[in-house]
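What follows is the residue order along each chain.
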Amino acid sequence: MLVSIPNLLDAAEIANCRQVLDAAPWVDGRVTAGQQSAKAKRNLQAPADDPAAAALGELVLTALGRNPAFLSAALPLKVFPPLFNRYEAGMGFGAHVDNAIRFVGETTARVRTDLSATLFLSDARDYDGGELVIEDVFGEHAVKGEAGELVLYPGSSLHRVEPVTRGARLAAVFWVQSMVRRDDQRTLLQRLDEDIVATRAALGDADPTVLSLTAGYHNLLRMWADA
Ligand code: NI
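Here the structure is a predicted model, which means the values were calculated and not measured.

> What is the right way to read the domain arrangement of the protein chain from this model?
Frequently, the measure chosen for interface size is the accessible area removed from exposure when the parts meet. Taken domain by domain, the protein chain holds domain 1 (3-178) and domain 2 (183-224). Taken over C-alpha atoms, the centre of domain 1 sits 30 Å from the centre of domain 2. For the interface between domain 1 and domain 2, the tally reads zero salt bridges. Residue contributions to the side of domain 1 that touches domain 2 peak at three residues, all from helix α4 (residues 68-74). Here the residues of the side of domain 1 that touches domain 2 sort into six nonpolar, two polar and one charged.

Given below as structure tokens:
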């Protein structure tokens, strides 16, 4: 499932991210790539141990925690600390699959990458190229979000970033280990959650149908979730 969440960050938060990243000590993005993806990856990355970048990562994690659409779609158990990257003209990232398990810095903490996430920090009009292209059973989907927009997709997807041909593309990337490992189960729960919200709005909280749907949601979650 491909999920787009506009306005994860507000205008002040986006401005803060850009200001901090303008002064970031960018390094070659291949430092965090796996063996196959290192050959395909050409971008710049803020060092994960840079204090200013780490603070921006905390800002993103806080924004995720307050966003109902993210919580409903991802059912997060663990979120990998966001990494910030920059693609300048000529840079791109060829087709690859993200590593299944990511280790957090030098620690033993690890995250299974059930979902991959890109948070766009540049406006689409500020650069050409740079589309995130995700392949699924229905073909390819090219995504070019507005600043502040989050895109979630299954970590199992083959994906790439098309070469940037003008300007610069700033983004944060991270991964989510979900309480519900399977994409099809998460998708079903998300749709059911949307239906419950709509049904509550139409019928009220005390309606027996609302009660029954809500019970169904929680009992499926109990069946499928690891918490
Ligand atoms: Ni990737």
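> How should the pattern of salt bridges be read in this particular structure?
With the rule as written, the count across this model stands at 13 salt bridges. Notably, a salt bridge pairs R30 with D28, separated by 2.7 Å at the nearest N-O pair. Among the ionic contacts, a cluster of salt bridges with common partners joins E135, E140, R160 and E162.

> Quick question: what am I supposed to make of the coordination of the nickel ion here?
Angles at a metal have ideal values that depend on geometry: 109.5 degrees with four tetrahedral donors, 90 or 180 degrees with six octahedral donors. Listed as protein donors to the nickel ion are H96 (NE2), D98 (OD) and H159 (NE2); their distances from the metal cover 2.1 Å. For the nickel ion, all donor residues lie on one chain, and their spacing in sequence is H-x1-D-x60-H. Of the two residues, H96 is situated in strand β7 (residues 92-96) and H159 in strand β15 (residues 159-161); the sequence distance between them amounts to 63 residues. Each member of the pair, H96 together with H159, is buried.

> Is there a simple way to explain the side chain of S157 in this structure?
Relative to the helices and strands, S157 is located in the loop between β14 (150-154) and β15. The class for S157 is buried, based on a relative accessible area of 7%. Polar side-chain contacts of S157 include one of 2.7 Å to the backbone oxygen of P154.

> Explain the packing of helix α1 (residues 11-22) against helix α3 (residues 51-65) here, please?
Each pair of packed helices can be summarised by the angle the axes make with each other and by the distance between the axes. Between α1 and α3, whose axes approach to 10 Å, the crossing angle comes to 165°. Classified by the angle their axes make, α1 and α3 are roughly antiparallel. α1 and α3 meet at a crossing whose hand is left-handed. For the pair α1 and α3, contact is made by E13, N16, C17, V20 and L21 and by A52, L56 and L59, respectively.

> I tried to follow the nonpolar core on my own but got confused; where do I start?
L9, F70, F84, L119, L121, L150 and L152 are the most contacted members of the largest nonpolar core, which has 31 residues in total. Listing elements by their share of this core, those giving two or more residues are β1 (3-5), α1, α3, α4, β10 (115-120), β14 and β16 (164-178). Here the element with the most residues in this core is α3; it accounts for six residues. Listed in part, the 13 residues of the second largest apolar core include L44, V143, V151 and Y153.

> Got a minute to help me understand unusual backbone geometry in this structure?
Excluding glycine, residues mostly have negative phi values, and the peptide bonds linking residues are mostly trans. Backbone geometry places N7, a non-glycine residue, at a positive phi of 60°. In this fold, N7 is placed in the loop between β1 and α1. Residue classification places N7 among the exposed residues on the basis of a relative accessible area of 61%. Even without being a glycine, L75 presents a positive backbone phi close to 40°. Relative to the assigned elements, L75 resides in the loop between α4 and β5 (76-79).

> What is the right way to look at the packing of aromatic side chains in this model?
Each aromatic ring pair is specified by the distance between its two centres and by the angle formed by the two planes. Here the structure, examined in full by the defined rule, presents one aromatic pair. Their ring planes at 85° and their centres at 5.3 Å tell us that F80 and W175 sit as a pair that is edge-to-face. Of this pair, F80 sits in the loop between β5 and β6 (83-88) while W175 sits in strand β16, and the two are 95 residues apart along the sequence. Grouping residues by exposure puts F80 and W175 together as buried. The ring of F80 carries R102 above its face, with NZ or CZ at 5.5 Å from the centroid. In this arrangement the basic side chain of K144 is found over the ring face of Y127, its NZ or CZ atom lying 4.4 Å from the centre.

Analysis parameters
- Residues numbered from 1 in each chain as written.
- Predicted model: local features only at pLDDT ≥ 70, side-chain atom pairs only at ≥ 80, totals over all residues.
- Heavy atoms only, no water.
- Domains from an automatic or database assignment.
- Salt bridge = Lys/Arg side-chain N within 4 Å of Asp/Glu carboxyl O.
- Helix = DSSP H or I, 4+ residues; strand = E, 2+ residues; numbered from the N terminus.
- Nonpolar A, V, L, I, M, F, W, Y, C, P; charged D, E, K, R; others polar.
- Donors = N, O, S within 2.8 Å, 3.2 Å for Na, K, Ca; no water.
- Buried < 20%, exposed > 50% of the residue type's maximum accessible area, 1.4 Å probe, protein only.
- Polar contact = N/O pair within 3.5 Å; in protein donor to acceptor, adjacent residues only side chain to side chain.
- Axes fitted to C-alpha atoms, helices over the stretch in contact; angles between N-to-C directions.
- Parallel < 35°, antiparallel > 145°, perpendicular 65-115°, else oblique.
- Left-handed = near helix turned anticlockwise from the far one by under 90°.
- Contact = heavy atoms within 4.5 Å.
- Core = buried A, V, L, I, M, F, W, Y, C linked by side-chain atoms within 4.5 Å.
- Phe/Tyr/Trp six-rings, centres within 6.5 Å; stacked < 30°, edge-to-face > 60°.
- Lys NZ or Arg CZ within 6 Å of the ring centre and 35° of its normal.

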